[in-house]
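Report on the structure
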Amino acid sequence: MKNTFGYSVAVTLFGESHGEYIGAVIDGLAPGIEIDNEYIAHMLTLRRPDGKISTPRKEKDEYRIVSGIVGNTTTGTPLTILIPNENVKSGDYSEMKTLARPSHADYTAECKYHGYQDSRGGGHFSGRITAALVAAGAVCKCALEKKGIYIGTHVKRCACINDRDFDNFKQDIDAVNKKTFAVLDDKCENDMVNAIIEAASEGDSVGGILETAVIGMPEGVGEPWFDSIESMLSHMMFSIPAVKGIEFGKGFAISDMRGSTANDPFRIQDGKAITETNNNGGINGGITNGMPIVFRTAIKPTATIFKALDTINFKDMTDAVLEAKGRHDPAIVHRARIVQDAATAIVLCDALAMRYGTDWLK
């Protein structure tokens, strides 16, 4: 299995949903980076389940950093984060062990690992592993903020209900980073929550769209071809469970524009090059241009729902009907937004370290 992302700053994930621990190893962090435990704990809190719109599984996420720091600063050697799994109910999955949950990784895992995979709670494929990704991303995100680079994600759309776009980037990023349900227009939250609860009451689920903005990124970061900023971000975003699409700037809508509208005219403001519009999302030729990086991801509805679904038993290769048991989210889009923040921070730390060297993050 390939569980490592990055070149100069690399993150490796490990563990299973119902195993003893999940965790992450960050390699390539500069020595002397301050670790803010309250910051990490806050980001983990934003990933946790929240009432009727999330799974009943509650985990404390009392992480431990067991290597790579002395006191509260990094040493420059691999930093290892451990998060215990405590609230597990593996028995909920015993009857479904050989049934392929539609849109899950059960069947493909069977094809790849020949029955040796840990099927409890989705094993290594579970969204539970994103807690480790968030913890690692929190270290990176905090380091970026000390360099004046800020990341924020909001629920742009959920259950066909739309939030407004980013406007005052710094103010909006600060606002959503404090919210459990991250929307820019507070009026949207109640409508989205009610739609999620309605779907849950019918044994169903909903999806949505996340929009991320990054400000403060210096121009000139990224490569023209295979390690473009879009390529690296896209690679990482598709590693987040349930992400099925991504677009930058105006995204697919730019295909309906004429060049005269789609182009972002340059001008000088206070001695700095800026663009009058940002249809390309802060990236030209795969390289940052100094404008806000803006991208959106499509998050599918939670695959496990409480409705009878046609499937197969992949052990005896017969048709079957799945009636799911266990604890599952009727929507994950509101929890996934902090995962997207963390994943973005890891990508940008790696790209910046490749451009300027790992010590730049100090």
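Quick summary incoming for the structure in this document.

Rules of the game
Residues numbered from 1 in each chain as written. Predicted model: local features only at pLDDT ≥ 70, side-chain atom pairs only at ≥ 80, totals over all residues. Heavy atoms only, no water. Helix = DSSP H or I, 4+ residues; strand = E, 2+ residues; numbered from the N terminus. Rg over C-alpha atoms; globule rule 2.2 N^0.38 Å. Buried < 20%, exposed > 50% of the residue type's maximum accessible area, 1.4 Å probe, protein only. Contact = heavy atoms within 4.5 Å. Axes fitted to C-alpha atoms, helices over the stretch in contact; angles between N-to-C directions. Parallel < 35°, antiparallel > 145°, perpendicular 65-115°, else oblique. Left-handed = near helix turned anticlockwise from the far one by under 90°. Nonpolar A, V, L, I, M, F, W, Y, C, P; charged D, E, K, R; others polar. Arc of directions from axis to C-beta. Polar contact = N/O pair within 3.5 Å; in protein donor to acceptor, adjacent residues only side chain to side chain. Phe/Tyr/Trp six-rings, centres within 6.5 Å; stacked < 30°, edge-to-face > 60°. Lys NZ or Arg CZ within 6 Å of the ring centre and 35° of its normal. Pairing = 2+ DSSP bridges. Core = buried A, V, L, I, M, F, W, Y, C linked by side-chain atoms within 4.5 Å.

1. Here we look at the overall build of the chain
The number of helices and strands found in the chain is eight helices and 18 strands. A globule of 362 residues ought to have a C-alpha radius of gyration of about 21 Å, and the chain, at 21 Å, matches this closely. Based on the C-alpha atoms only, the size of the chain along its principal axes is roughly 65 × 50 × 35 Å. The burial tally for the chain puts 51% of its 362 residues in the buried class. Considering only contacts in the chain between residues 6 or more positions apart, those separated by 24 or more positions represent 72%.

2. Looking at the packing of helix H6 (residues 229–237) against helix H8 (residues 333–356)
Across the interface, H6 lies against H8 with an axial gap of 10 Å and an inter-helix angle of 140 degrees. Taken together, the axis directions place H6 and H8 in an arrangement best described as oblique. Crossing geometry of H6 relative to H8 is assigned as right-handed. In this structure, H6 uses Ile-229, Met-232, Leu-233, Met-236 and Met-237 to contact H8, whose residues at the interface are Gln-340, Ala-343, Thr-344, Ile-346, Val-347, Asp-350, Ala-351 and Met-354. For the contact of H6 with H8, a count of residues per class yields 10 nonpolar, two polar and one charged.

3. Some remarks on helix H1 (residues 37–47)
Turning to H1, its buried residues are Tyr-39, Ile-40, Met-43, Leu-44, Leu-46 and Arg-47. What you see down the axis of H1 is that its buried residues fit within an arc of 155 degrees, all on one side. Where the residues of H1 are buried, they touch strand S4 (64–67), strand S7 (79–84), helix H3 (130–145) and H8. For H1, the capping residue at the N-terminal end is Asp-36, with a side-chain oxygen 3.2 Å from the backbone nitrogen of Glu-38.

4. Details of the packing of aromatic side chains
Taken as a whole, this structure holds four aromatic pairs when the rule is applied. Ring centres 6.5 Å apart and planes at 50 degrees place the aromatic pair Tyr-113 and Phe-125 in the tilted group. Of this pair, Tyr-113 sits in helix H2 (residues 106–113) while Phe-125 sits in the loop between H2 and H3, placing them 12 residues apart in sequence. If you follow Lys-147 out to its NZ or CZ, it ends over the ring of Trp-360, 4.4 Å from the centre.

5. Remarks on the sheet that holds strand S9 (residues 161–162)
Taken in spatial order, the five strands make up an open sheet running S9-S8-S10-S16-S11, and their pairing is antiparallel. Strand pairing shows two members of the sheet lacking a second neighbour, S9 and strand S11 (243–248), which therefore form its edges. When S11 meets strand S16 (residues 293–299), the two strands line up antiparallel, connected through five bridges. Within S16, the residue paired with Val-243 across the bridge is Ile-299.

6. Things to note about the packing of H1 against H8
Two elements in contact, H1 and H8, have axes separated by 7 Å at closest approach and are oriented at 140 degrees. Considering their axes alone, H1 and H8 lie oblique with respect to each other. Contacts between H1 and H8 pair Met-43, Leu-46 and Arg-47 from the former with Arg-335, Arg-337, Ile-338, Val-339 and Ala-342 from the latter. Counted by class, the contact of H1 with H8 contains five nonpolar, no polar and three charged residues.

7. Focus on helix H4 (residues 169–176)
Within H4 the residues assigned to the buried category are Asp-172, Ile-173 and Val-176. Buried residues along H4 cover an arc of 100 degrees about the axis, so they all sit on one side. Against strand S8 (150–158), strand S10 (208–215) and H8 lie the buried residues of H4.

8. Focus: the sheet that holds strand S1 (residues 4–5)
To summarise the sheet geometry, strands pair through backbone hydrogen bonds and adopt either a parallel or an antiparallel arrangement. The strand order across the open sheet built from five strands is S1-S2-S3-S7-S4, with neighbouring strands paired in antiparallel fashion. This sheet does not close on itself; its edge strands, each paired only once, are S1 and S4. In terms of strand pairing, S4 meets S7 through three bridges, oriented antiparallel. Directly across from Ile-65, in S7, lies its bridge partner Ile-81.

9. Section: the nonpolar core
By size, the foremost hydrophobic cluster in this structure holds 82 residues, and its most contacted members are Ile-40 and Leu-144. Take this core: its biggest share by element is 14 residues, from H8. When sequence neighbours within four positions are dropped, the list of residues in contact with Ile-40 reads Ile-35, Tyr-63, Ile-65, Ala-135, Ala-138 and Val-139. Within the second largest apolar cluster, seven residues are counted, among which are Phe-166, Ala-182, Leu-184 and Ala-213.

10. Concerning the side chain of Asp-61
In this fold, Asp-61 is placed in the loop between H1 and S4. On the basis of relative accessibility, which here comes to 4%, the residue Asp-61 falls in the buried class. At 2.8 Å, the side chain of Asp-61 and the side chain of Arg-128 are in polar contact. Those residues in contact with Asp-61, other than ones at most four positions away along the chain, are Leu-44, Arg-47, Arg-48, Ile-83, Arg-128 and Ala-131.

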